[in-house]
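# Commentary on secondary and tertiary structure
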Amino acid sequence: ALACNSIGVDYQIMGVQYARQAVQYHTKHLEVADVPGKYIAHVNLGLCYATLGMSEEAVANHQHALRYAIRMCSLAGESLAW
């Protein structure tokens, strides 16, 4: 799971033209992650979709991240997801 997240973040850093590849890796991360990992995957997916101009998908993923942050009782996570 961590490897998928790391590769996805690398693609995010490389720029807009790599955002779709980042989405693929963050989606793979989401499929195998534990609760904190799902939070991270949804945050990153939200950022990627926002970069791609896909506002509805970005909002949906940030909402999922917020739910996971609440589930983890993480105020810091809630502030990042919101």
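Parameters at a glance
- The residue numbering used here restarts from 1 in each chain and proceeds along that chain's sequence as written.
- In view of the model being predicted, local features appear only for residues whose pLDDT reaches at least 70, and side-chain atom pairs are presented and counted only at 80 or more, with totals across whole chains, interfaces and linings using the full set of residues.
- Only hydrogens and water are set aside when side-chain values are computed; all heavy atoms of the structure are taken into account.
- Each helix corresponds to a stretch of at least 4 residues labelled H or I by DSSP, and each strand to a stretch of at least 2 residues labelled E; elements are numbered beginning at the N terminus.
- To estimate how far a helix should reach, multiply one less than its number of residues by 1.5 Å.
- Each residue is placed in one exposure class: buried if its accessible area under a 1.4 Å probe, protein chains only, is under 20% of its type's maximum, exposed if it is over 50%, and partly exposed if it falls in between.
- Throughout, the arc means that of the directions going from the helix axis to the C-beta atoms.
- A contact between two residues is defined here by any heavy atoms of the two lying within 4.5 Å.
- By convention, a stacked pair of Phe, Tyr or Trp rings (six-membered ring in the case of Trp) has centres within 6.5 Å and planes under 30 degrees apart, an edge-to-face pair has planes over 60 apart, and any other such pair is tilted.

Next up on the list: helix H1 (residues 2–14). Taking 1.5 Å as the rise per residue, H1 with 13 residues should run 18 Å; its terminal C-alpha atoms sit 18 Å apart, in good agreement. All of the buried residues in H1 are Cys-4, Asn-5 and Gly-8. Down the axis of H1, the smallest arc covering the buried residues is 100°, so these residues share one side. Opposite the buried face of H1, by more than 90 degrees, sit the exposed residues Leu-2 and Ile-13. For H1, the secondary structure elements touched by its buried residues are helix H2 (19–32) and helix H3 (35–51).

In this section: the packing of aromatic side chains. Evaluation of the coordinates by the stated rule reveals two aromatic pairs. Relative to Tyr-18, the ring of Tyr-11 lies with its centre 5.9 Å away and its plane at 25°, an arrangement referred to as stacked. Note on Tyr-11 and Tyr-25: the rings are 5.8 Å apart at their centroids and 25° apart in plane angle, and the pair reads as stacked. Placement of Tyr-11 in helix H1 and of Tyr-25 in helix H2 is noted, with a sequence separation of 14 residues between them. With relative accessibility at 22%, the residue Tyr-11 sits in the partly exposed group.

This part takes up helix H4 (residues 55–71). Taking 1.5 Å of rise per residue, 17 residues should cover 24 Å, and H4 covers 24 Å from first to last C-alpha, within 8% of that figure. Buried within H4 are the following residues: Ala-58, Asn-61, Ala-65, Leu-66, Tyr-68 and Ala-69. The buried residues of H4 all sit within an arc of 165° when viewed along its axis, so they share a single face. Of the residues in H4, the exposed ones pointing more than 90 degrees away from the buried face are Glu-56, Arg-67 and Arg-71. Lining the buried residues of H4 we find H3 and helix H5 (75–81). Positioned one or two residues after H4, Cys-73 has a phi angle of 55°, which is positive.

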